[in-house]
Amino acid sequence: MVRKSSVCYARKWECSEKICDGTCSVIGTAHYLTFDGLKYRFPGNCQYVLAQDYCEGDGSGTFRILVANEGCSFTGEKCTKRITILFDSGEIELYNGDVNILTPPREDTVDVRKSGRYYILLLGNGISLTWDEDMGISVVLKENYKDRVCGLCGNFDGIQNNDFTSSRKQLEIDPIDFGNSWKVNAQCADVRKGQDLASRLCNGNVVKQVMVETSCSVLNSDLFKECKKLVDPEPYVDICMYDTCACESIGDCACFCDAIAAYAHACAQKGAVVHWRSPSLCRKYHRNNQNQDGSKAIRTEWPAK
């Protein structure tokens, strides 16, 4: 399937047959947006295949990106994400704000850049990964990986209906069954259906519910007026509600700020840069001397072939 890109020029739509890059995003503890645009929730606490091209069972492939939440099931413990990148016989780990090259790639095929609070890793000429040093990840694939990948990010074939294809190549209905199929260690416990940390913490607490709704409503405020013309805020409001409900505090907790940052980043990708951080909003991360969302560098360009 070919994706057409369209531009409005002189009051007419001009379409091309160019295949667009695919972007998969991971936001907070449990939210995924696949390469084909399917949004789902999977609160897993094992290590999982986020994306790879080892999909045919014959051992052939070029990359594998693994992801794991750590400490997210325990009240009072800091929730972190560990990302492992296997590429060109090398191994890179992103964890606790650091990029660690555990095994260098065979060739000079990995470029690590820093912009604001983001790390951008360019893997060869076709893969980039953006990490916010915490819970947010964005993977971009060029068109040559179309319909050649698998994992929690889906298969990048332009069709959302088959994104829940499991590691056994069965089409699942429930995201929990789909997510469990992509765990790396079979001995790690499956996520149980109905296992919902946010509901357990927020349901019945009317005061917290109101505070969460008030906090997350910033996404529909005038602050993001230009964003809303380009990116629908409602999916991010849902994410904000879910993750902020799971926080022990409200307002400046990382899960709330990460949800807001994810929306701002999505808008920056579309060309609408909003300088939203301030001493009164997510002040913990406020920086006066740099671009708040790294938007200029995040618009990834690969080196010419």
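The shown structure was predicted, so the numbers you read here are calculated from the model rather than taken from an experiment. (Residues numbered from 1 in each chain as written. Predicted model: local features only at pLDDT ≥ 70, side-chain atom pairs only at ≥ 80, totals over all residues. Heavy atoms only, no water.)

**A word on the state of the cysteines**
Alright, step 1. A complete count under the given rule lists 5 disulfides for this structure.
Alright, step 2. Here Cys24 pairs with Cys153 through a disulfide, and the sulfurs are 2.0 Å apart. When the S-S torsion is -80°, as for the bridge of Cys24 with Cys153, the disulfide is left-handed. Of this pair, Cys24 sits in strand S3 (residues 22–27) while Cys153 sits in the loop between strand S14 (137–141) and helix H1 (175–181), and the two are 129 residues apart along the sequence. (Disulfide = S-S within 2.5 Å. Helix = DSSP H or I, 4+ residues; strand = E, 2+ residues; numbered from the N terminus.)

**Some words on the sheet that holds strand S4 (residues 31–33)**
Alright, step 1. Taken together, the 7 strands give an open sheet; going across it, the order is S5-S4-S3-S14-S13-S12-S11, and neighbouring strands pair in antiparallel fashion. The open sheet terminates on both sides in strands that have one partner only, identified here as strand S5 (39–41) and strand S11 (110–115). For this sheet the average axis-to-axis angle between neighbouring strands, irrespective of direction, equals 15°.
Alright, step 2. With 3 bridges joining them, S3 and S4 adopt antiparallel strand pairing. (Pairing = 2+ DSSP bridges. Axes fitted to C-alpha atoms, helices over the stretch in contact; angles between N-to-C directions.)

**Here we look at the confidence of the model for the chain**
Alright, step 1. When pLDDT is averaged along the chain, the result is 82, and 79% of the positions lie at 70 or above.
Alright, step 2. The weakest mean pLDDT in the chain belongs to helix H7 (residues 295–298) at 36; the strongest belongs to strand S6 (residues 47–52) at 98.
Alright, step 3. Note that residues 285–305 has pLDDT below 50 and, in this model, 55 contacts with residues that lie over four places away or in other chains. (pLDDT = per-residue confidence, 0-100. Contact = heavy atoms within 4.5 Å.)

**Re the packing of aromatic side chains**
Alright, step 1. Under the defined criterion, the tally for this structure stands at 10 aromatic pairs.
Alright, step 2. Taking 6.1 Å as the distance between ring centres and 20° as the angle between the ring planes, the aromatic pair formed by Tyr119 and Trp131 counts as stacked. With Tyr119 in strand S12 (residues 118–123) and Trp131 in strand S13 (residues 127–131), the pair connects residues that are 12 residues apart, well separated along the chain. For the pair formed by Tyr119 and Trp131, the shared burial category is buried.
Alright, step 3. The structure contains a cluster of three or more aromatic residues connected by ring pairs, namely Tyr32, Tyr40, Phe164 and Phe178.
Alright, step 4. Here Arg64 stacks its cationic end above the ring of Tyr54, 4.4 Å away from the centre of that ring. (Phe/Tyr/Trp six-rings, centres within 6.5 Å; stacked < 30°, edge-to-face > 60°. Buried < 20%, exposed > 50% of the residue type's maximum accessible area, 1.4 Å probe, protein only. Lys NZ or Arg CZ within 6 Å of the ring centre and 35° of its normal.)

**Things to note about the pattern of salt bridges**
Alright, step 1. In the structure shown here, the tally under the stated rule is 12 salt bridges.
Alright, step 2. A salt bridge links Glu93 to Arg82; the nearest nitrogen and oxygen atoms lie 2.9 Å apart. Here Glu93, found in strand S9 (residues 90–95), pairs with Arg82, found in strand S8 (residues 80–87); they are 11 residues apart in sequence, far enough to count as distant.
Alright, step 3. Here Glu93 falls in the buried class, since its relative accessible area comes to 16%.
Alright, step 4. As a salt-bridge pair, Glu172 and Arg168 come within 3.5 Å of each other at their nearest N and O atoms.
Alright, step 5. Here Glu172 falls in the buried class, since its relative accessible area comes to 15%. (Salt bridge = Lys/Arg side-chain N within 4 Å of Asp/Glu carboxyl O.)

**Section: unusual backbone geometry**
Alright, step 1. One non-glycine residue with positive phi stands out, namely Asn96, at about 55°.
Alright, step 2. What makes Asn96 exposed here is its relative accessible area of 53%.
Alright, step 3. The backbone of Asp147 sits at a positive phi, close to 60°, despite the residue not being glycine.
Alright, step 4. One can find Asp147 in the loop between S14 and H1.

**Digging into the sheet that holds strand S7 (residues 63–70)**
Alright, step 1. Strand order across the open sheet formed by 5 strands is S6-S7-S8-S9-S10, with antiparallel pairing between neighbours. What marks the edges here is a single partner per strand, and that holds for S6 and strand S10 (98–103). On average, each strand axis in the sheet is inclined to that of its neighbour by 20°, with strand direction left out of account.
Alright, step 2. Sheet topology places S8 next to S9; 5 bridges connect them, and they run antiparallel. Looking across to S9, one finds that Leu86 is bridged to Glu91.

**A few points about the pairing of S9**
Alright, step 1. The hairpin turn running from S8 into S9, its antiparallel successor, is 2 residues long, and Asp88 in that turn takes a positive phi close to 50°.
Alright, step 2. Counting the residues between successive antiparallel strands, the hairpin from S9 to S10 contains 2 residues, one of them, Asn96, with a positive phi of roughly 55°.

**Overview of the environment of Lys208**
Alright, step 1. Residue placement: Lys208 occurs in helix H3 (residues 206–216).
Alright, step 2. A relative accessible area of 13% means that Lys208 is categorised as buried.
Alright, step 3. Sequence separation between Lys208 and Cys245 is 37 residues, and the spatial gap between their C-alpha atoms is 7.6 Å.

**A word on H3**
Alright, step 1. When H3 is considered as a whole, its buried residues turn out to be Lys208, Val212, Ser215 and Cys216. Buried residues of H3 fall within an arc of 90° about the axis and therefore sit on the same side. Opposite the buried face of H3, at more than 90 degrees from it, the exposed residues are Val206, Val207 and Thr214. (Arc of directions from axis to C-beta.)

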